[in-house]
Amino acid sequence: MDRDRSNVVEEVFETVARTAPEIRAALPGRRTETAGKNPSGELRLAADDYADDLLEGRLGAIDGVGQYASEETAEAVDTGEGLSIAVDPLDGSSNLKPNNTMGTIVGIYDAPMPAAGHELVGAAYVLYGPITTMAAAADGEVTEYVVTDGEREAVREDLTLPDEPSVYGFGGRVPDWIDSFDEYAREIECDESLRLRYGGSMIGDVNQVLTYGGVFAYPALESAPEGKLRLQFEGNPVGYIVETAGGRSSDGERSLLEVEPDALHDRVPVHVGSTELIDRLEDALN
Ligand code: F6P
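Residues numbered from 1 in each chain as written. Predicted model: local features only at pLDDT ≥ 70, side-chain atom pairs only at ≥ 80, totals over all residues. Heavy atoms only, no water.

A. Looking closely at the pattern of salt bridges. The final tally for this structure, using the stated rule, is 19 salt bridges. Among the salt bridges present, the one from arginine 44 reaches glutamate 72, with a minimum N-O distance of 3.8 Å. Of this pair, arginine 44 sits in strand S2 (residues 43-45) while glutamate 72 sits in the loop between strand S3 (65-70) and strand S4 (77-78), and the two are 28 residues apart along the sequence. Here the two residues arginine 44 and glutamate 72 agree in accessibility, since each one is buried. With its nearest N and O atoms 2.7 Å apart, the salt bridge here joins glutamate 189 to arginine 186. One end of the pair, glutamate 189, and the other, arginine 186, are both in helix H3 (residues 179-190), three residues apart, so they sit about a helical turn from each other. Judged by relative accessible area, arginine 186 falls into the partly exposed class, the value being 33%. (Salt bridge = Lys/Arg side-chain N within 4 Å of Asp/Glu carboxyl O. Helix = DSSP H or I, 4+ residues; strand = E, 2+ residues; numbered from the N terminus. Buried < 20%, exposed > 50% of the residue type's maximum accessible area, 1.4 Å probe, protein only.)

Put into structure tokens, the structure is as follows:
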């Protein structure tokens, strides 16, 4: 790769911020289901397809990007030489029908995909909430931006998780949780300093944790020991962002960034948040 790596990472962030308002503006007319399913068997909405096409065209065209992979398609696409970009174009798109939060997630790996999280050199997510924000991590720092008309304005620099955690949110059906996670969840629920914040869109839920401190989990389930979320597209990028902000990520035993992938669409149990709460989780599960 000829270009300086950090310039490429910066251009990826810039491109995602430029594209986010267009993705958002296109949502109202694209709430319908298409005939297709993604490689994980989930229904695709017209909005998923639109966001994916836009991001593939723009991120794949960047000089220094060599591979583009999307949660919506089976294979990675070769786009030249350089860094590999993993994208979840619209995370939580089942939230589009009831008009709740959604996100766009991007992981930038300095290795061919599927790649482990320790190969990440940057990661970002856009949150489509009442306003559009973007959290981007690279070079040991997380910055939060407000995005308007394709411009991004930094509102929190060198962001770190608050010292006193105050929120939690756990996904999956409660009767499907494994016993050890269930016991951990009960302890967390009984802690008077913590409040439930769960919206069913990972980026919305993780951003609560990044803002207030706490823990988000989509754990291993009795019916799905690997959980639901995808390592390459979801687990690794949010793990990288939360760890860069001074928190921890875990698959239940180790940092998500240490999990070696077998395939592009591998799933993984995801637990991210304040260090003490993830330490306690690992103690409870092991
Ligand atoms: O992976 C997509 C996603 O919508 C996440 O954003 C969210 O955490 C999870 O799935 C919710 O899944 P479910 O409603 O099936 O528990």
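B. Molecular detail of the packing of helix H4 (residues 202-212) against helix H5 (residues 231-244). Two elements in contact, H4 and H5, have axes separated by 11 Å at closest approach and are oriented at 15°. Between H4 and H5, the crossing angle belongs to the class labelled roughly parallel. The hand of the H4/H5 crossing is right-handed. Along its contact with H4, which presents Met202, Ile203, Val206 and Leu210, the element H5 presents Glu234, Val238, Ile241 and Val242. Of the residues that constitute the contact of H4 with H5, the class distribution is seven nonpolar, no polar and one charged. (Axes fitted to C-alpha atoms, helices over the stretch in contact; angles between N-to-C directions. Parallel < 35°, antiparallel > 145°, perpendicular 65-115°, else oblique. Left-handed = near helix turned anticlockwise from the far one by under 90°. Contact = heavy atoms within 4.5 Å. Nonpolar A, V, L, I, M, F, W, Y, C, P; charged D, E, K, R; others polar.)

C. Broad picture of unusual backbone geometry. Of note, the bond from methionine 113 into proline 114 is cis; its omega dihedral lies within 30 degrees of zero at 5°. Looking at the element boundaries, proline 114 is found in the loop between strand S6 (102-109) and strand S7 (120-128). Positive phi, normally seen in glycine, also occurs at aspartate 149, with a value near 50°. You can see aspartate 149 is positioned in the loop between strand S9 (141-148) and strand S10 (151-156). When its relative accessible area of 74% is taken as the criterion, aspartate 149 is described as exposed. A positive phi is found at aspartate 158, a non-glycine position, where the angle reads about 45°. Note that aspartate 158 resides in the loop between S10 and strand S11 (167-170).

D. Quick peek at the site of the ligand. In the region of the ligand, the neighbouring residues are Asp91, Gly92, Gly200, Ser201, Met202, Tyr218, Lys228, Leu229, Arg230 and Glu234. A distance of 3.0 Å separates an oxygen atom of the ligand from a polar side-chain atom of arginine 230. Contact between the ligand and glutamate 234: an oxygen atom at 2.8 Å from a side-chain N or O atom of the residue. Surface burial for the ligand is 77%, taken as the share of its 400 Å² of free accessible area covered by protein chains. Mapping the ligand onto the cavity grids shows that it belongs to the largest pocket. Residue composition of the shell around the ligand, grouped by class: three nonpolar, three polar and four charged. (Near = heavy atom within 4 Å. Polar contact = N/O pair within 3.5 Å; in protein donor to acceptor, adjacent residues only side chain to side chain. Areas by Shrake-Rupley, 256 points an atom, 1.4 Å probe, with all protein chains shown as cover. 1 Å grid on protein atoms, 1.4 Å probe; cavity = no way out; pocket = protein on both sides within 12 Å on 5 of 7 lines; lining within 4 Å. Sits in = over half its atoms within 2 Å of the grid points.)

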